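Observations on the model geometry
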Amino acid sequence: MPGLCRSDPNNEGAAAPGPSSSERRTFNSTARLRTDSVKKSRPLFPWFGMDIGGTLVKLVYFEPKDITAEEEQEEVENLKSIRRYLTLNTAYGKTGIRDVHLELKDLTLCGRTGNLHFIRFPTQDLPVFLQMGRDKHFSSLHTTLCATGGGPTSLKLHKLDELECLIRGVLYIDSVMPRECYYFENPTDPDHCVERPYPLENPYPMLLVNIGSGVSILAVYSENNYKRVTGTSLGGGTFLGLCCLLTGCSSFEDALEMASEGESTRVDKLVRDIYGGDYERFGLPGWAVASSFGNMMSKEKRETVSKADLARATLVTITNNIGSITRMCALNENIERVVFVGNFLRVNTLSMKLLAYAMDYWSKGQLKALFLRHEGYFGAVGALLELLHSS
Amino acid sequence: MAECVGVDSSTSAHTMDKSIILPPDEIFRNLENAKRFAIDIGGSLTKLAYYSTVQHKVAKVRSFDHTAKEAHSDKLYEISVQEEVTARLHFIKFENTYIETCLDFIKDHLVNTETKVIKATGGGAHKFKDLIEKKLGLKVDKEDEMTCLIKGCNFVLRNIPHEAFVYTKHADSEFRFQTTHPDIFPYLLVNIGSGVSIVKVESEDKFERIGGSSIANLPTPALMFSYFGQRFDELLQLASKGQHTSVDMLVKDIYGGSYGSLGLTGDLIASSFGKSATADKEFPKEDMAKSLLHMISNDIGQLACLYAKLHNLSRVYFGGFFIRGHPVTMHTITYSINYFTKGEVQALFLRHEGYLGAIGAFLKGAEEDNPNQYRWVENYAGSSGLMSVSPDMNPMQRARSGTFDMLEMDRLERQLVKLPLLQDPSSYIPDTVDLTEDALAREYWLFCFEDALDGVVQRAVASQPDLPEAPERAEKFRQKYRHKLQTLRHQPFAYGSLTVRSLLDTREHCLNEFNFPDPYSKIKQRENDLALKYYLKAVKALEKLEWEDRQLALVSGVLAGNVFDWGAKAVSDVLESDPEFGFEEAKRQLEERPWLVDCYDQWFERLKGPPHRCALFFVDNSGVDIILGVIPFVRELLSRGTEVVLASNSGPALNDVTNVLTLDSFSYSFLLSSRLDKVLATLVRERKTDLVIIEGMGRAIHTNYYAMLSCESLKMAVIKNSWLADRLGGKLFSVVFKYEVPNRLHMIHSTL
C-alpha cells in the first residue's frame with residue numbers, strides 16, 4: 001500500500017457500489033477473459049486471490065475438500081497437480097512460504113467446502129512464480145487470477161480495488177474465524193499485558209491501519225462507506241530498508257530477531273536523558289523518547305551500541321511514528337476503534353505491544369488498538385471473494 | 001515504551017576546537033560594554049545573546065536666534081557632531097566546537113559589565129554550566145526551553161520586518177516575505193531540533209505543547225553518523241546531489257504507474273527506504289541522504305498538518321536548526337504541507353529561526369528593562385543575513401568567520417506606529433517594487449548604489465574635515481557596503497525583501513557604523529543658506545500672481561525644488577558641475593503639462609472648495625526643496641485656514657531635512673506604516689488631519705505609491721532617474737502629481 005497520500009475526493013463519496021464504482025474496480029480489459037469463461041453460477045477451480053504488495057505477494061488458495069468422484073475424474077491433470085503441489089508443501093521454491101497456522105479448515109465458500117491456504121513470497125520473485133504457473137500449464141486452465149495491490153501492468157491479471165478488497169477481507173475473515181480479532185489488556189503494564197479476544201461484531205466506525213511497505217489509514221463507516229484518510233511512506237519497508245543499511249541484515253525475520261535482542265534506549269535519547277526526569281511543564285514522562293537516534297550524535301555512544309540496539313531503535317521509531325499519525329487521524333476523524341493490519345505486524349509482537357501502549361497511554365485510555373490474526377492477507381482474501389461474488 | 005515526544009535539544013560531545021582565531025572586528029562586537037547575557041546551547045550550535053550600549057556620533061543642529069541680532073554668522077544654524085549612546089542587541093551563532101574559545105574571548109574582552117548572571121536555555125545549558133561559570137565567572141540561570149522559544153518567536157514576528165517567508169521552489173522569487181502583522185496569534189510553531197515539538201501559541205503567555213515526534217533531524221544525521229560519520233551540513237550538501245528514487249519505493253514501483261482511484265501519482269513515495277531492503281546492493285551516500293531528508297521532511301509536514309487541522313490553525317511556522325534555510329528541506333516541507341492540506345495551511349519559515357531560544361532567554365533576563373516597550377530594528381550593517389553560513393550557497397562567505405552567523409538589533413527610543421490614515425493598515429506594503437522578485441530592477445539598482453559609492457565616500461570624508469582618520473573610516477565603510485551589495489547580488493533575500501528602501505537603509509546603517517552620521521551636512525548647510533537668500537524674492541513673486549496662476553506656480557515650485565536632491569545621481573552631476581544651477585532653471589527643466597501623472601486639474605478644482613482642516617506634509621530634501629518649494633506652498637495652505645504639520649526624518653538620509661522642523665517622522669526611510677512616531681500619529685488623530693501630502697521620489701514613488709489613504713492625498717515627485725523614468729513610461733524629470741480622494745469622500749464632494 002502506498003504511503004504518502006491523502007484521501008481521494010472521488011473515493012470519499014464512494015458510499016454505495018454503483019456502476020461507477022465497479023467501473024473503477026476494473027483496471028483493464030482482461031476482465032472479459034473471466035466473463036467469457038464463467039458461465040456457471042460459480043467460477044471454475046482453481047480459486048485464487050492475490051495481493052501484490054511492494055515487498056510481498058500474498059496469495060490465498062481455496063482447496064475444495066468436497067470433490068465428488070465425478071469431479072475428480074473431470075479434473076484435468078495439471079489442476080490436480082497444482083492442488084497437490086500447494087497443499088502438500090509448506091515452502092515453494094526458495095522464498096515461497098505457506099503460513100500453515102493461519103489455514104482455515106472446513107470453510108464453506110459459494111456452496112463448496114474446503115480449506116483456505118495462505119501463501120506469501122517476495123514480490124521480486126513474482127516472475128519465478130508466474131513461470132512456475134506456466135510450467136505447470138496454468139494458462140491452459142479456464143481461470144482468472146484475481147489480484148489486487150500493485151504489480152507490473154504487463155501481467156494479465158484482473159485487477160481490483162485494493163482498499164475495497166482489504167475491507168471485504170477483514171469483514172469476511174472476522175465473520176468466519178472466531179477469535180480473529182484481539183487486543184492487549186493492560187497495555188501499559190508489561191507484567192500484566194495479556195492478549196484477549198475482541199468480538200468485532202459491530203465494528204463501525206473503525207480506523208483501519210494497513211502497515212505494509214508503506215502505510216494506509218482508512219476510516220471505515222460501513223462495508224461500502226470508507227475513505228482513505230492518509231498514509232505515510234514510513235512503514236515496514238522503511239524498517240527493513242533502514243535495518244539492512246544499519247545492520248547488514250537481509251530479511252524481515254533477521255531484523256525482528258535482532259530488534260528483540262536490542263535495547264533502543266542506548267540509541268534513542270529519552271526525556272530523562274535531557275531533563276534528568278520528567279519534563280513536567282508539558283507532562284512528558286522521563287521514559288518518553290525525546291529524540292530518536294539522539295544518542296548517536298555522540299561518537300562514544302556510537303561506538304558502544306550494537307547492531308541489535310540499532311535494529312530495535314529503528315523498529316521503535318517506525319512503530320511510534322505510525323502510532324502518532326494514527327492517533328492524530330483517530331482524533332481528527334473522531335473514531336475510537338483502531339484496527340491494525342498488514343504484514344509489518346507478522347510475528348512482530350514488539351510493535352503490536354508498542355502500538356497498544358501508545359494508543360492507550362497518549363489517549364488516556366480512549367483509543368483501543370485491535371489486531372487481526374491474518375495480518376497481511378486480507379487484501380488477497382478480498383480479491384478471492386471478488387472472484388466468487390462477481391460470478 | 002511509547003510514542004515519541006520529541007524535545008528539541010540534545011547535547012553532543014564535540015571535541016573542543018581551540019585553534020581558531022576569532023576575528024574581533026566581525027564577531028562579538030561591542031563586547032566591552034555588554035550589559036546582559038543569554039545563551040542557548042543546542043545539540044550542535046550555540047547561540048549567544050548580549051545587550052550592549054553603543055556609542056556613535058550624531059550630527060546635531062543648533063539654530064541661531066536671528067531675532068536677537070546675534071548675527072555673528074550669516075549661517076542659519078551650526079552643525080556639531082556629538083556622541084550618542086544607544087542600545088543594541090547582538091546575537092551570535094556558532095558551532096559548539098568553538099564554545100571554549102568563545103568563552104575565553106568573551107572573558108578577555110568583558111570590561112564594563114555589572115551583570116552577575118547569564119540566562120541559559122537549550123539542552124546543552126546543563127552540560128556546559130560548569131564551563132560557563134568557571135570561564136566567565138557568571139552564575140548560570142536556567143530558563144525553560146519552550147518558554148524561551150515562544151517568547152523569541154513572538155518577538156521576531158513582531159519586530160523584524162520580513163521575518164517570515166513562504167518558500168516556492170519554482171517561482172521567480174523563491175522567497176516570498178510576509179509583512180509584519182499586529183495580529184500574530186494564533187499560530188502553530190513546529191520546532192525541529194533533535195526531536196520535534198509542536199506548540200500551539202494563542203497569546204503572548206498562552207501556549208501549549210500539543211505534540212511532537214521524534215522522527216526528526218537528529219535521528220537522521222544521527223543515523224547517518226552511525227553509517228558514515230557525516231556532519232549535518234555535509235549531509236544536507238550530500239542530499240542536494242542525491243536521487244532518492246534509487247532508495248525509496250515509489251507508487252509506480254508497486255503499481256507500474258499512478259494509482260488513479262486514490263489520486264496517487266506514480267512519483268509519490270510509497271515506502272521510504274523500501275528499495276534498500278533488497279540486501280547486498282550498495283547505495284550512493286547522496287541518494288540515501290536525499291531519501292532521509294525526504295522522509296523526515298514529509299513526516300514532519302504530515303504531523304504538522306494533522307495538528308493544524310485538529311486545532312483549526314492555518315499558519316504554521318517552522319523553527320529550529322533542522323531547516324536553516326536549506327532549500328531542499330524547505331521545498332519538501334512546503335510540498336508536503338500543501339499536499340496534505342490541499343493548500344489550506346501555509347508553511348512559513350523564519351529568517352532567524354535559529355535565534356528564537358536565545359532571544360527568548362535574553363528577554364527573560366531583560367524583563368526588568370522592559371524590552372517590550374521599545375521597538376527593535378534589525379541593523380543591516382551588523383547582521384549576516386539568511387544563509388550566510390550555508391556552505392555551498394554563499395560564495396561571499398567570509399573567510400575567517402564563515403561559521404559564525406550574526407544578528408544585531410538597534411533599540412529605538414520611541415514607539416513606532418502606523419499612520420492612522422491608512423485605508424487598510426494590515427495590507428499596506430510600502431515598497432512599490434520588490435527587487436527580490438524583479439531581477440532587472442534589482443540589477444539596475446544594485447549597479448546604481450555601487451556606482452554612487454565613490455561619491456558617498458568622498459562626501460563622508462568631506463563632512464568631517466577636522467578628523468584626520470576620516471578617510472580610513474570612509475574606506476572601511478566602502479568595503480563594508482560594497483560587500484553587502486555583493487552579498488545581495490548573490491542572495492537578494494538575505495535580509496528579507498530587497499527594495500530601494502532597504503538598500504538605502506543598509507547604506508545608512510553602514511555609514512553610522514563608521515561614524516558618519518550625516519555625510520551631507522556640509523552641503524545641506526550651504527544649500528540652505530543659498531536658498532534662504534532667494535526666499536523673500538520668490539515669495540514676493542508668488543504673491544504678485546493671480547490666485548489661479550499662483551496655485552500652479554506653487555505646485556511647480558514644490559516640484560522644481562524637488563529636483564534638488566543629492567541622492568539622485570543625475571542631479572548631483574548637474575549640481576556638482578554648476579553650483580549656480582538655480583531654482584528658476586530647475587523649473588524650466590520640468591516637464592510641460594500634461595505631466596506623466598497629472599491630477600492637477602482635480603486638485604485645482606478641490607482648492608476652490610472649502611479649506612482642509614489639517615494637512616500632514618511629509619517633506620523630502622533640505623535646501624531649495626523645502627525653503628523655496630515647500631514653505632511657499634505651506635504658506636498658501638495656512639492662508640486658507642488649514643493647519644499644517646510638517647514631518648521629516650529624524651535621522652539623515654542623504655540631504656533629507658533633519659531637525660529643521662518641529663516634528664519627526666522617524667528615521668532613514670519613508671514609511672507610513674510601522675515606523676512612524678507615536679507622537680505624530682496622535683497629533684494626526686487630534687487635529688483631524690484630512691489631507692496628506694507626500695513629496696519626493698523616495699516617499700511617493702519607491703514607496704507609498706500604491707498606498708491608499710482614508711483621506712485626500714497628494715503625491716508629488718520629479719523622476720530624477722532615467723531608468724525609473726523609462727520604467728514608468730516617462731523621461732528624465734518627468735513629473736508625478738497624483739491627487740487621490742478615497743471613494744467615499746469622492747461621492748460626498750461630487751454631491752456637494
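Preceding block: the structure.
Scope of this entry: the structure provided in the associated data block. Being a predicted model, the structure only gives us computed values, none of them experimental.

Our next topic: the overall build of chain B. From N to C terminus, chain B includes 24 helices and 25 strands. Burial statistics for chain B: of 752 residues in total, 63% are counted as buried. Expressed as a percentage of contacts within chain B between residues at least 6 apart in sequence, the contacts between residues at least 24 apart total 73%. Split by element, the accessible area of chain B, about 29,000 Å² in all, is 51% carbon and sulfur.

Turning to the side chain of B:R209, a few remarks are in order. All names here are of chain B. As for its placement among the helices and strands, R209 is situated in strand β10 (residues 207-213). Exposure remark for R209: the relative accessible area of 10% places this residue in the buried category. Of the polar contacts made by the side chain of R209, one reaches the backbone oxygen of V196; its length is 3.4 Å. At 3.1 Å, the side chain of R209 forms a polar contact with the side chain of S197.

All right, on to the packing of aromatic side chains then. Going through the model one piece at a time under the given rule, you end up with 48 aromatic pairs over all chains. Between A:F239 and A:F344, the aromatic rings sit 5.9 Å apart at their centres with planes inclined by 75°, giving edge-to-face as the arrangement. Pair noted here: A:F239 is in helix α8 (residues 236-247) and A:F344 is in the loop between β16 (337-341) and α13 (349-362), with a separation of 105 residues, a long-range link. As far as the burial class goes, A:F239 and A:F344 line up, both buried. Ring centres of A:Y357 and A:Y361 lie 5.9 Å apart, and the angle between their planes is 35°; on these two criteria the pair is classed as tilted. Highlighted residues: A:Y357 and A:Y361, both in helix α13, separated by 4 residues, approximately one helical turn. Clustering of aromatic rings is evident, with ring pairs tying together B:F165, B:Y167, B:F175, B:F177, B:F318, B:F349 and B:F493. Sitting over the face of the ring of B:Y355, B:K93 holds its NZ or CZ atom 4.9 Å from the ring centroid. B:K738 extends its terminal NZ or CZ atom over the ring of B:Y705, reaching a point 3.8 Å from the ring centre.

Moving on to the nonpolar core. Counting residues in hydrophobic clusters, the biggest one holds 140 residues, and the most contacted among them are A:F340, A:F371 and B:F318. In contact with A:F371, not counting residues within four places along its chain, are A:E180, A:C181, A:Y182, A:F184, A:F340, A:L345, A:M352, A:L355 and A:A356. In this structure, B:A460, B:A474, B:V692 and B:I694 belong to the second largest nonpolar core, which totals 59 residues.

Moving on to the packing of helix α8 (residues 285-310) of chain B against helix α9 (residues 327-341) of chain B. Residues and elements named next belong to chain B. With their axes 8 Å apart at the nearest point, α8 and α9 run at an angle of 40° to one another. The orientation of α8 relative to α9 falls into the category oblique. Where α8 crosses over α9, the handedness of that crossing is right-handed. For the pair formed by α8 and α9, the contact residues are K290, L293, H294, S297, N298, G301, Q302, A304 and C305 on the first element and V328, T329, T332, I333, S336, I337, F340 and T341 on the second.

Residues and elements named next belong to chain A. Where helix α7 (residues 162-176) contacts helix α14 (residues 378-389), the two axes come as close as 7 Å, and the packing angle between them is 90°. By the angle between their axes, α7 is roughly perpendicular relative to α14. From α7, C165, L166, R168, G169, V170, Y172 and I173 reach across to α14, where they touch F378, G379, V381, G382, A383, L385 and E386. For the contact of α7 with α14, the per-class residue count stands at 9 nonpolar, 3 polar and 2 charged.

What follows deals with the environment of A:Y92. Residue and element names in this part refer to chain A. Within the secondary structure layout, Y92 lies in strand β3 (residues 91-92). Owing to a relative accessible area of 9%, Y92 belongs among the buried residues under this scheme. Each C-alpha atom of the pair Y92 and M296 lies 41 Å from the other, and the pair is 204 residues apart in sequence. Setting aside anything within four residues of it in sequence, one finds Y92 in contact with Y85, L86, I97, R98 and I119. Looking at Y92, its side chain comes within polar contact range of the side chain of R98, at 3.0 Å.

Take the pattern of salt bridges next. Residues and elements named next belong to chain B. Evaluation of the coordinates by the stated rule reveals 43 salt bridges over all chains. For the salt bridge of E100 with K135, the shortest nitrogen-to-oxygen distance reads 3.4 Å. Placement of the pair is E100 in helix α1 (residues 99-109) and K135 in helix α3 (residues 129-136), with a sequence separation of 35 residues. Note on accessibility: E100 and K135 belong to one class, buried. Among the charged side chains, a salt-bridge network with shared partners connects R29, R88, E408, D410 and E513.

Cut-offs applied
Residue numbers run consecutively from 1 along every chain, following the written order of its sequence. Chain letters and ligand numbers both follow the written order, the letters beginning at A and the numbers at 1. Reporting in this predicted model follows two pLDDT cut-offs: at least 70 for local features of residues, and 80 or more for side-chain atom pairs to be given and counted; totals over whole chains, interfaces and linings ignore these cut-offs and use all residues. Hydrogens and water molecules were not included; the side-chain quantities draw on all heavy atoms of the structure. Numbering goes from the N terminus for both helices and strands, where a helix is a DSSP run of H or I of at least four residues and a strand is a run of E of at least two. Relative accessibility decides the category of a residue: with a 1.4 Å probe and only protein chains considered, values under 20% of the type maximum give buried, values over 50% give exposed, and everything between is partly exposed. Contacts between residues were defined by any pair of non-hydrogen atoms, one from each residue, lying within 4.5 Å. Residue burial considers only the protein chains on display, and all accessible areas are found by Shrake-Rupley using a 1.4 Å probe. Each polar contact in these results corresponds to two N or O atoms within 3.5 Å; when the atoms are within protein, one needs to be able to donate a hydrogen and the other to accept it, and residues that are neighboring in sequence are counted only if both atoms are side-chain atoms. Aromatic rings from Phe, Tyr and Trp, with only the six-membered ring used for Trp, were paired whenever their centres fell within 6.5 Å, and each pair was classed as stacked if the ring planes differed by under 30 degrees, edge-to-face if by over 60, and tilted otherwise. Note on geometry: a ring has a charge over it if NZ (lysine) or CZ (arginine) is within 6 Å of the ring centre and within 35 degrees of the ring normal. Think of a nonpolar core as a cluster: buried Ala, Val, Leu, Ile, Met, Phe, Trp, Tyr and Cys residues, connected wherever their side-chain atoms sit within 4.5 Å. Here, axes are lines fitted to C-alpha atoms. For helices the fit covers the stretch in contact, and angles between N-to-C directions go from 0 to 180 degrees. Just so you know how the angles are binned, under 35 degrees is roughly parallel, over 145 roughly antiparallel, 65 to 115 roughly perpendicular, and the rest oblique. Put simply, a crossing is left-handed when the front helix is turned counterclockwise from the back one by less than a right angle, and right-handed when it is turned clockwise. Three classes are used: nonpolar for Ala, Val, Leu, Ile, Met, Phe, Trp, Tyr, Cys and Pro, charged for Asp, Glu, Lys and Arg, and polar for all others, with Gly counted as polar. The salt bridge criterion pairs a side-chain nitrogen of Lys or Arg with a carboxyl oxygen of Asp or Glu, the two atoms within 4 Å.

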